[in-house]
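# Understanding the architecture of this molecule
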Amino acid sequence: MTTGPDMNGIMPLAAGETFRFACHRGRPCFTECCRMLELALHPYDFVLLRRATGLDSPKLFERFIIEEDDRRYPFPRHYLAMVDDGRASCPFVDAKGCQIYPFRPAACRSYPVGRAALFHGQAVEERFVLVREEHCRGFADGALYRPADYLAEQGLTAINRCHDAVARLLQRPEMRTFTASDEEKRLYVLALCQTDLFRARLQDGDFADFTAAGPVPASDEELLPRAAAWLGRKFFPSS
Ligand code: SF4
Ligand code: SF4
């Protein structure tokens, strides 16, 4: 059964349901969604942002990342630092649009669709929502999409494989009562958000229990899921 949007414009979307959407420069709202927003970053977004900027992790974090250690969550959370221009604009937006479009973070790609992956043992259940904010005129016309097709068109299939590996770690039953030490928090950020530094440490011979399981993967797309599984074994060795 389809229900209407809640007060934030969010409504559940069944996998087979369709919505009409098109975002382009001709929209009167063009780039409005790139301002006054809190852009939470997922681990794979750091790979994209390093590729977009050419910066290594220390410089990327210094220039563009806000890290928050919120006690409600086991590990630090990260946000893109907005520009102080009175409109809290994204540092990558200008009048022509997104200047890092091929490397834009996952949240920018998936909008107006939200996806959650819920793990039940080895099985994964996907849930979708549609975000219909008043300022967004993208629903006026455009192609008809089912949520998974829209996300695939936005290049999220491989990205979501990385997201799901991290979600699988964070949804472990042990996480409900887990309090990470400062060292464990640092390891989480290193292995998942700073894969360039993590790779260098692995190549220097650190973390022998990681390399004992096989050579260091050549791509971040392979390294990140393996790092998430490795963190699970490290944090919960007896399970
Ligand atoms: S507000 Fe909606 S239609 Fe307008 S630019 Fe953003 S996503 Fe596109
Ligand atoms: S990264 Fe690009 S799409 Fe995302 S908020 Fe910034 S300018 Fe907009």
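So, here is what we can say about the structure in this document. (Residues numbered from 1 in each chain as written. Chains lettered and ligands numbered in written order. Predicted model: local features only at pLDDT ≥ 70, side-chain atom pairs only at ≥ 80, totals over all residues.)

## Digging into the overall build of the chain
Counting secondary structure elements, the chain contains nine helices and 10 strands. Referenced to the eigenvectors of the C-alpha coordinate spread, the extents of the chain come out at roughly 55 × 40 × 35 Å. Counting all 239 residues of the chain, 26% fall into the buried class. (Helix = DSSP H or I, 4+ residues; strand = E, 2+ residues; numbered from the N terminus. Buried ≥ 20, exposed ≤ 12 C-beta atoms within 10 Å, placed from the backbone.)

## Describing the site of ligand 2
Within the structure, ligand 2 sits among Cys34, Leu39, Cys90, Phe92, Val93, Cys98, Ile100, Arg104, Pro105 and Cys108. Looking at side-chain class alone, the shell around ligand 2 contains nine nonpolar, no polar and one charged residues. (Near = placed C-beta within 6 Å. Nonpolar A, V, L, I, M, F, W, Y, C, P; charged D, E, K, R; others polar.)

## What to know about the pairing of strand E5 (residues 77-80)
Residues His78 and Leu80 point to one face of E5 and are all buried, whereas Arg77 and Tyr79, pointing to the other face, are not buried. Pairing between strand E3 (residues 40-41) and E5: two bridges, direction antiparallel. For Ala40, the partnering residue across the bridge sits in E5 and is Tyr79. Note that strand E4 (residues 65-68) and E5 share four bridges and pair antiparallel. Considered in E5, the bridge of Ile66 is made with Tyr79. (Pairing = 2+ DSSP bridges.)

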